[in-house]
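Residue-level structure breakdown
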Amino acid sequence: MDYGLKEHRRVVLGAAALLWGVWLAGRGLGFSGILWGIGLVVGFWLLRLERGFVMMMVMLLCAGVLRYEMAVPVFGDGDLAFYHSEEQAVSLEGVIVDYPDVRGDRIKLTVEASELNGRVVEGRVLVTVNRYPEFAYGERIRLWGAVQEPIEFEDFSYKNYLRRYGINSVMYYPYVEVVEAPCIDDWKYWVFGLKKVFETRLNQLFTEPHASFAAGLLLGSRRGIPEDLMEDFNISGLTHIIAISGYNITLIIVFVSGLLKFLSKRWQTIMASLVIFVFVVLVGGTAAVVRSAIMGVLGLWAVWFGRKAEVTRLLALTAALMTMWNPFILVDDVGFQLSFAATCGLVYMTDSVERFLKKIRTWKFIPEIFSIREAFVTTLAAQTFAVPIIIGAFGRFSLVAPFANVVAVSFIPLAMLFSFGAVLISCFWFYGGLLVAYVGWFFLELIMQIAYFSARVPFSSIEF
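For clarity, every value in this text was computed on a predicted model and none was experimentally measured.

1. Some words on the overall build of the chain
The helix and strand inventory of the chain stands at 17 helices and nine strands. Every one of the 464 residues in the chain was classed for burial, and the buried ones make up 48%. Roughly 23400 Å² of accessible area belongs to the chain as shown, and the carbon and sulfur atoms make up 65% of that amount.

Structure (structure tokens):
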């Protein structure tokens, strides 16, 4: 009897073997993991699977282990990380190579080092400085302070967290001097400039914390969001709405599809993909946003065209290729894990969620305006696979999260629509934009109140 697998199953299982190898190596089980994997594959062999396919799985598993081990950095005297010290102050010069990350009373700068005490070095360092003065992408700066290794906590590796971005060093509150005005004139310089103008206009149209909340929804920025509001979002399970993730991408896709229902599915897909591309560029094109966009578009293809077999194969290949490009994202990047899980939820659970809502007779009570019904269904579907990862990564499960998300999801597209519309209209007529901003303020306030009351429900979350 022929127990050969279909082509798409070969691809999916092959990609799974490679991802398995990377995961085992990332957990320190490289050698034993290979032996374990070979033993299991031999078991498959005894089940009369094709020998060539079995050998391919063994090779892909070993390739995953090897890829991770090769990616682990080894530092020499030409690397910045070679000079870690908690006490010795040094003079470091470099260029800010990412958008400054403003967090309340401090700013985090990603600096590409070029010179250490007159010695040529290379490597990235995450620098924490005071909120003011502000710094800009592309500026060459000189720092005086200690270059340290990222802290290792008992239940969290900050070192591994930063390593996925190519950052292996940190500096805390050094003295900073601007040596040269922005010396990088690439597409990111103009995009980050546009992003800053967008944030400034939001601050002109909205009061705080609504301006910061709108920036979080539209740009993934957490600039100025109060700590108590962030805690409410954490407890109520709504933190994901203020971080650019597959969820935001899904909302944009659903909203665009709702507006373009008069077009064919093909053109809806093309237009939604173009909007996602513009969105990714607007928020800076970071690796996390690109990954979320890729996963979101894959989910779009699956939901709209229903070709789950093809999308499953494409999803497996995409995850494998992205992991081979940067193996640390599979092990240490919770954002990638959540995006992947949410996309799987979209692919495999959307129809089931829709049938369930119709069965319990709540379908007709969900409004269709602005594609709220589609956003509601896709949000629930995406969360079905993401919950175990949330519990494992954050040690907390919000009991009110499903209900808070069900209520909030109806207003998030409207908040995003009117906030973005206010900025766009204000470019031509400021007071017209201000009128639209009042509507946006209402929906932003409504979502914040949902988070506030959800977080105060007794036993709203469980700590693990």
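2. A few points about the nonpolar core
Counting 33 residues, the largest nonpolar core has Phe-213, Leu-217, Phe-233 and Ile-241 as the members making the most contacts within it. At the level of elements, helix H5 (187-205), helix H6 (210-219), helix H7 (227-236), helix H15 (401-408), helix H16 (412-426) and helix H17 (430-455) are the ones that each hand at least two residues to this core. If one sorts the elements of this core by residue count, H17 sits on top with eight residues. Grouped together as the second largest cluster of nonpolar side chains are 20 residues, Val-102, Leu-116, Val-121 and Val-147 included.

3. Some thoughts on H7
Listing the buried residues of H7 in full gives Leu-229, Met-230, Asp-232, Phe-233, Ile-235 and Ser-236. Looking at the residues trailing H7, positive phi occurs at Gly-237, about 75°.

4. Overview of the pattern of salt bridges
For the structure on display, the rule yields nine salt bridges. Among the salt bridges present, the one from Lys-159 reaches Glu-149, with a minimum N-O distance of 3.0 Å. With Lys-159 in helix H4 (residues 158-163) and Glu-149 in the loop between strand S5 (140-146) and H4, the pair connects residues that are 10 residues apart, well separated along the chain. Glu-149 sits in the partly exposed class, given a relative accessible area of 41%. Between Arg-163 and Asp-332 there is a salt bridge whose closest N-O contact spans 3.6 Å. With Arg-163 in helix H4 and Asp-332 in helix H12 (residues 328-332), this pair connects stretches of sequence that are 169 residues apart. Both residues of the pair, Arg-163 and Asp-332, count as buried. Residues joined in a network through salt bridges with shared partners are Glu-93, Arg-140, Arg-142, Glu-177 and Glu-180.

5. With respect to the side chain of Thr-110
Topologically, Thr-110 is positioned in strand S3 (residues 106-116). In this structure Thr-110 touches Val-95, Ile-96, Val-97, Asp-98, Arg-124, Val-125, Leu-126 and Ile-167, once residues within four positions along its chain are discounted.

6. Topic: the packing of H5 against H16
H16 packs onto H5 with a crossing angle of 100° between their chain directions and a minimal axis gap of 10 Å. Here H5 lies roughly perpendicular to H16, going by the angle between them. In this structure, H5 contributes Phe-198, Arg-201, Leu-202 and Leu-205 to the contact, and H16 contributes Ser-419, Phe-420, Ala-422, Val-423 and Ser-426. In terms of residue class, the contact of H5 with H16 is built from six nonpolar, two polar and one charged.

7. Let's talk about the side chain of Asp-79
The topology assignment puts Asp-79 in the loop between helix H3 (51-71) and strand S1 (89-96). At 11 Å, Arg-119 is the nearest oppositely charged side chain to Asp-79, a buried residue that forms no salt bridge. In this structure, Asp-79 is in contact with Val-74 and Glu-122, ignoring residues within four places of it in sequence.

8. Things to note about the environment of Asn-160
Within the secondary structure, Asn-160 is located in helix H4. In this structure, the C-alpha to C-alpha distance between Asn-160 and Ile-329, residues 169 residues apart in sequence, is 9.8 Å. There is a polar contact of 3.2 Å between the side chain of Asn-160 and the side chain of Arg-163.

What counts and how
- Every chain is numbered independently, its residues counted from 1 as its sequence is written.
- Residue-level local features of this predicted model are given only where pLDDT is at least 70; pairs of side-chain atoms are given and counted only at 80 or more, and the full residue set underlies all totals for whole chains, interfaces and linings.
- Excluded from the side-chain calculations are hydrogens and water; all other atoms, namely the structure's heavy atoms, are used.
- Comment: elements are numbered from the N terminus, with helices defined as DSSP H or I runs of at least four residues and strands as E runs of at least two.
- For every residue, the accessible area (1.4 Å probe, protein chains only) is compared with the maximum for its type, and the residue is labelled buried under 20%, exposed over 50%, or partly exposed between those bounds.
- Using the Shrake-Rupley algorithm and a 1.4 Å probe, accessible areas are obtained, with residue cover drawn only from the displayed protein chains.
- What is meant by a nonpolar core is a set of buried Ala, Val, Leu, Ile, Met, Phe, Trp, Tyr and Cys residues, joined one to another through side-chain atoms within 4.5 Å.
- Throughout this description, the term salt bridge denotes a Lys or Arg side-chain nitrogen within 4 Å of a carboxyl oxygen of Asp or Glu.
- Here, two residues are considered to be in contact whenever any of their heavy atoms come within 4.5 Å of each other.
- All axes here are fitted lines through C-alpha atoms, helices being fitted over the stretch that makes contact, and every angle between N-to-C directions spans 0 to 180 degrees.
- Orientation labels follow simple angle bins: below 35 degrees gives roughly parallel, above 145 gives roughly antiparallel, 65 to 115 gives roughly perpendicular, and whatever is left gives oblique.
- In this classification, the charged set is Asp, Glu, Lys and Arg, the nonpolar set is Ala, Val, Leu, Ile, Met, Phe, Trp, Tyr, Cys and Pro, and all remaining amino acids, among them Gly, are polar.
- Only four residue types enter the charge count: Lys and Arg as positive, Asp and Glu as negative, with His and the chain ends excluded.
- Identification of polar contacts relies on pairs of N or O atoms within 3.5 Å, with a donor-acceptor requirement for protein atoms, meaning one able to donate a hydrogen and the other able to accept it, and with residues adjacent in sequence counted only if both atoms are side-chain atoms.

Any functional reading would require information beyond the geometric quantities listed.
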